[in-house]
Amino acid sequence: MAKIKTLADLKKMREDLQSKVDLREKADSPESYVQIKVGMATSGIASGAKEIMDFLIEALEKRNIEAVVSQTGDMGYCFAEPTIEVQKPGEDPIVFGYVDVKKADEIIERYIKRGELVDGIIPQNYQVIDDKDNKKA
Amino acid sequence: MTKYKMHLLVCGGTGCRASASDSIVESLKQELENKGLSDEVQVIMTGCFGFCEKGPIVKVLPDNTFYIEVKPEDAAELIDEHIIKGRQVKRLLYKDPEKKESIADSKHMDFYKKQIRIALRNCGFIDPENVDEYIGRDGYMALGKCINEMTPQDVIQVIKDSGLRGRGGGGFPAGLKWEIASKNDADQKYVVCNADEGDPGAFMDRSILEGDPHAVLEAMAICGYATNATKGLIYIRAEYPLAIKRLKIAIDQAREYGLLGKNIFGSDFEFDVEMRYGAGAFVCGEETALIHSMEGLRGEPTIKPPYPAESGYLGKPTNVNNVETFANVPVIINKGANWFTKIGTEKSKGTKVFALAGKINNVGLIEVPMGTTLREVIFEIGGGIKDGKKFKAVQTGGPSGGCLTEKHLDTPIDFDNLIAAGSMMGSGGMIVMDEDDCMVSVSKFYLDFTVEESCGKCSPCRIGNKRLYELLDQITKGKATMDDLQRLRNMCEVIKDTSLCGLGQTSPNPILSTLDNFWDEYVAHIKDHKCPAGQCKDLMKYVIIEENCVGCTACARVCPVGAISGEKKQVHYIDPSICIKCGACIERCKFDAIIVK
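Residues numbered from 1 in each chain as written. Chains lettered and ligands numbered in written order. Predicted model: local features only at pLDDT ≥ 70, side-chain atom pairs only at ≥ 80, totals over all residues.

## Quick notes on the overall build of chain B
- Within chain B one finds 24 helices and 19 strands.
- Relative to a compact globule of 597 residues, whose C-alpha radius of gyration would be 25 Å, chain B shows 27 Å and is just as compact.
- Based on the C-alpha atoms only, the size of chain B along its principal axes is roughly 90 × 65 × 40 Å.
- When each of the 597 residues of chain B is scored for burial, the buried share is 55%.
- Contacts in chain B between residues far apart in sequence, at least 24 positions, make up 71% of those at least 6 positions apart. (Helix = DSSP H or I, 4+ residues; strand = E, 2+ residues; numbered from the N terminus. Rg over C-alpha atoms; globule rule 2.2 N^0.38 Å. Buried ≥ 20, exposed ≤ 12 C-beta atoms within 10 Å, placed from the backbone. Contact = placed C-beta atoms within 7 Å.)

Below you can see the structure in the form of structure tokens.
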């Protein structure tokens, strides 16, 4: 192991090492980052969701976008796999279907970076139990 | 560098390891290997998560799913379902005890909602055996900042401004302590970390050392820089093997990186840390006794002054702080005194770690801002009393503290409020008691501990505590008089006033506080020869109810001392002079014919 001789050494080392734990730090307060969930049930994986997830993680890091990419179960839009759900801080989540690498790139560049809507949005046409409960209460 | 997509954090604290959490790590790794996922999912053994009641804990990130009571054989299911298919394993999720709903995200659990983690910031978050993870979490930045950008006086000023008080029990301002040590000139000075955690039920220092050892090393080095000391010593009890192991690893790693040793960060500052082992004597938590023990002498206290800051280890100026106090220091340096003073109450800043134990649902380790009420700690974070019983008292401060009751539940917890309420902060042990606990027996338990742990140097503590214990023993046997109660109180006052060190000066506190809060219970033992909680064996009597007894002889056969006599199909009789009150007959009787009076 190399010695840390100056504060600058340590700072540089921290930059490199932060990626080791930043996934854990972000998970502590995901609402302040872009959260992307990739539908990774059998149908999702079969249609290439894993590659999309790998691409998203790499691309977001390269482009310096702080994000939490996690996998989730089947979102129910099996006709449109792979599907991903993107939630920007303080905004409602949006689901995109038929996501390939090109589409994923477009989502990052146009929706996440610039806030433009891109094709392929699947309108949410259901309520989750939590919402219902909240409304009743 | 491979970028892991998911992290599996497994608790590696002593509690969870006792429930085989190291085999869980092995099984998870094996299972990932089998599925070809080793490059994508990282398994990390961390320090304590605090939720010891439901350990072993496995936390999945980034989705923050919190699994409890995991067994090594659950590994396959976790990987198959959660990691591969993205489905939570419901049966291993935490269930809200009231709403009966599963809670996957630990942030939504009552246990974690009210906590602010400063001293425990890295426990359950990083791999304590890997310095890189600590550096990734701003580790050693505070030390770098001190050496490069601040003078020792600046550092002391920040600690003073932060209002940080000693977390070992006394609550002495840490900055002031540092200042005194820095002003005493000597050719050699020392920084000592007091890790001789001895209060029954307290385990925060152990958990910090097991979960985040570098934080303590960094803080000791900062203290060394501030007080111009070049040697650090950690006095730790030998019965903390895991903490010792991880500290040793941490010291080696820090030396390798040059973060301990000579010319730290290219400066003239040098600092190194060594370990000293204690044999587990309670009195060695007292700083003068601790220093004598480190010098190879008997672990006995001496009168202060001189304070260790003037003449400590080997007669040199020595600054002694507790583990938790040190753990706060790097954060204060990084975030500033102002940030720290915003947390807590007027005179007690920051947070405090408490070890919840006793008749409480969520046994574990928590960190809350000073000023949180006992009610919040016990009923919200702690999940209330076990088995739906009634809250009776909470003992804080260990053998030096006292019992607080229902009327104190809404008192904001800080150093001064606890003393005003007749107890003390101590190291942060909280033992919760329910209606089945006899307060006289509780006092007796603590006095038994003090008698055992008194070093014997001064007579008030050596002889006085023994007499206190005997009086309490008489009370629990129903042999005391009301005059004895007065004697008990007088003796408590004398021992408090005349003992040499903190041990004897505080040992009567459990009695005094129970006398104040549970006077009736003492009187019931003496006047009515009854223990209201039904704990004192000598005041219990096992009797057979004639109407219910069918003479089956089952009780007579199970009685280990032959105290029960009676013919077949005749009513039986228990001879109280022989009966040892073991309760075996009650368990055996099928006709509810035996009761305790």
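## Side note on the sheet that holds strand S8 (residues 231-237) of chain B
Residue and element names in this part refer to chain B.
- In spatial order, the strands read S9-S8-S7-S10; together these four strands make up an open sheet with parallel pairing. Among the strands making up the open sheet, the edge pair consists of strand S9 (272-278) and strand S10 (318-322). Going from strand to strand, the sheet's axes swing by 25° on average, the running direction of each strand aside.
- Taken together, the five bridges between strand S7 (residues 190-195) and S10 define a ladder with parallel strand orientation. (Pairing = 2+ DSSP bridges. Axes fitted to C-alpha atoms, helices over the stretch in contact; angles between N-to-C directions.)

## A word on the packing of helix H6 (residues 141-149) of chain B against helix H13 (residues 323-335) of chain B
All names here are of chain B.
- Close contact between H6 and H13 brings their axes to 8 Å; oriented N to C, the two are set at 60°. What the angle tells us is that H6 and H13 run oblique. Pair H6 / H13 crosses with left-handed handedness. Touching Met141, Ala142, Lys145 and Cys146 of H6 are Pro330, Ile333 and Asn334, all from H13.
- By residue class, the composition of the contact of H6 with H13 is five nonpolar, one polar and one charged. (Parallel < 35°, antiparallel > 145°, perpendicular 65-115°, else oblique. Left-handed = near helix turned anticlockwise from the far one by under 90°. Nonpolar A, V, L, I, M, F, W, Y, C, P; charged D, E, K, R; others polar.)

## Thoughts on the domain arrangement of chain B
Residue and element names in this part refer to chain B.
- When the domains of chain B are assigned, the result is domain 1 (6-113), domain 2 (131-340), domain 3 (351-434), domain 4 (439-527) and domain 5 (541-596).
- The C-alpha-based centres of domain 2 and domain 3 are spaced at 27 Å.
- Per-class residue counts for the side of domain 2 that touches domain 3 are four nonpolar, five polar and five charged. (Domains from an automatic or database assignment.)

## A few points about the pairing of strand S2 (residues 67-72) of chain A
All names here are of chain A.
- Of all six residues making up S2, five are buried, and the element is well covered by its neighbours.
- Sheet analysis places strand S1 (residues 34-39) next to S2, joined by six bridges and oriented parallel. Bridging across to S2, glutamine 35 finds its partner in valine 68.

## A look at the interface of chain A and chain B
- Taken together, the contact pairs 28 residues of chain A with 28 residues of chain B.
- Contributing elements (two or more residues each) for the side of chain A that touches chain B: helix H1 (7-28), helix H3 (49-62) and S2 of chain A.
- Considering every element that reaches the side of chain A that touches chain B, the biggest residue donor is H1(A), with 13 residues.
- Among the residues forming the side of chain A that touches chain B, the class breakdown is 15 nonpolar, seven polar and six charged.

## A short note on the pairing of strand S2 (residues 41-46) of chain B
- Most of S2(B) sits inside the fold, with six of its six residues counted as buried.
- With burial as the criterion, each face of S2(B) is covered, one bearing B:Val41, B:Val43 and B:Met45 and the other bearing B:Gln42, B:Ile44 and B:Thr46.

## A closer look at the nonpolar core
Residue and element names in this part refer to chain B.
- Of all hydrophobic cores here, the largest spans 205 residues; its most connected members are Val10, Val216, Met220 and Ile222.
- What valine 10 contacts, discounting residues up to four positions off in sequence, is Ser21, Ile24, Val25, Val43, Ile44, Met45, Thr46, Pro56 and Val58.
- Grouped together as the second largest cluster of nonpolar side chains are 13 residues, Ala556, Ala563, Ile564 and Cys589 included. (Core = buried A, V, L, I, M, F, W, Y, C linked by C-beta atoms within 7 Å.)

## What about the sheet that holds S1(A)?
Residues and elements named next belong to chain A.
- Read from one edge to the other, the open sheet built from five strands follows the order S2-S1-S3-S4-S5, with strand pairing classed as mixed. The open sheet is flanked by S2 and strand S5 (121-122), the only strands paired with a single partner.
- In terms of strand pairing, strand S4 (residues 94-96) meets S5 through two bridges, oriented antiparallel. Looking across to S5, one finds that phenylalanine 96 is bridged to isoleucine 121.

## Describing H13(B)
All names here are of chain B.
- Within H13, 11 of the 13 residues are buried, which leaves the element mostly enclosed by the surrounding structure.
- Along H13, the residues that are buried comprise Val323, Glu324, Thr325, Phe326, Ala327, Asn328, Val329, Pro330, Val331, Ile332 and Ile333.
- Looking one or two residues past H13, glycine 336 carries a phi angle of roughly 95°, positive in sign.

## Some details on unusual backbone geometry
Residues and elements named next belong to chain B.
- A cis geometry characterises the amide bond from glycine 55 onward to proline 56, with omega recorded as -5°.
- Of note, the amide linkage connecting proline 305 to proline 306 takes the cis form, showing an omega dihedral of 5°.
- Among the structural elements, proline 306 can be located in the loop between helix H12 (287-294) and S10.
- With a phi close to 45°, glutamate 69 is a non-glycine residue in the positive phi region.
- Relative to the helices and strands, glutamate 69 resides in the loop between strand S4 (65-67) and helix H3 (75-84).
- We note that tyrosine 140 has phi near 65°; this positive angle belongs to a residue other than glycine.
- Mapped onto the fold, tyrosine 140 is located in the loop between helix H5 (131-136) and H6.

## Regarding the environment of B:Glu493
All names here are of chain B.
- Mapped onto the elements, glutamate 493 comes out in helix H19 (residues 482-498).
- The class for glutamate 493 is exposed, based on 11 C-beta atoms found within 10 Å.
- Remark: the alpha-carbon pair of glutamate 493 and glutamine 505, spanning 12 residues in sequence, is separated by 9.1 Å.

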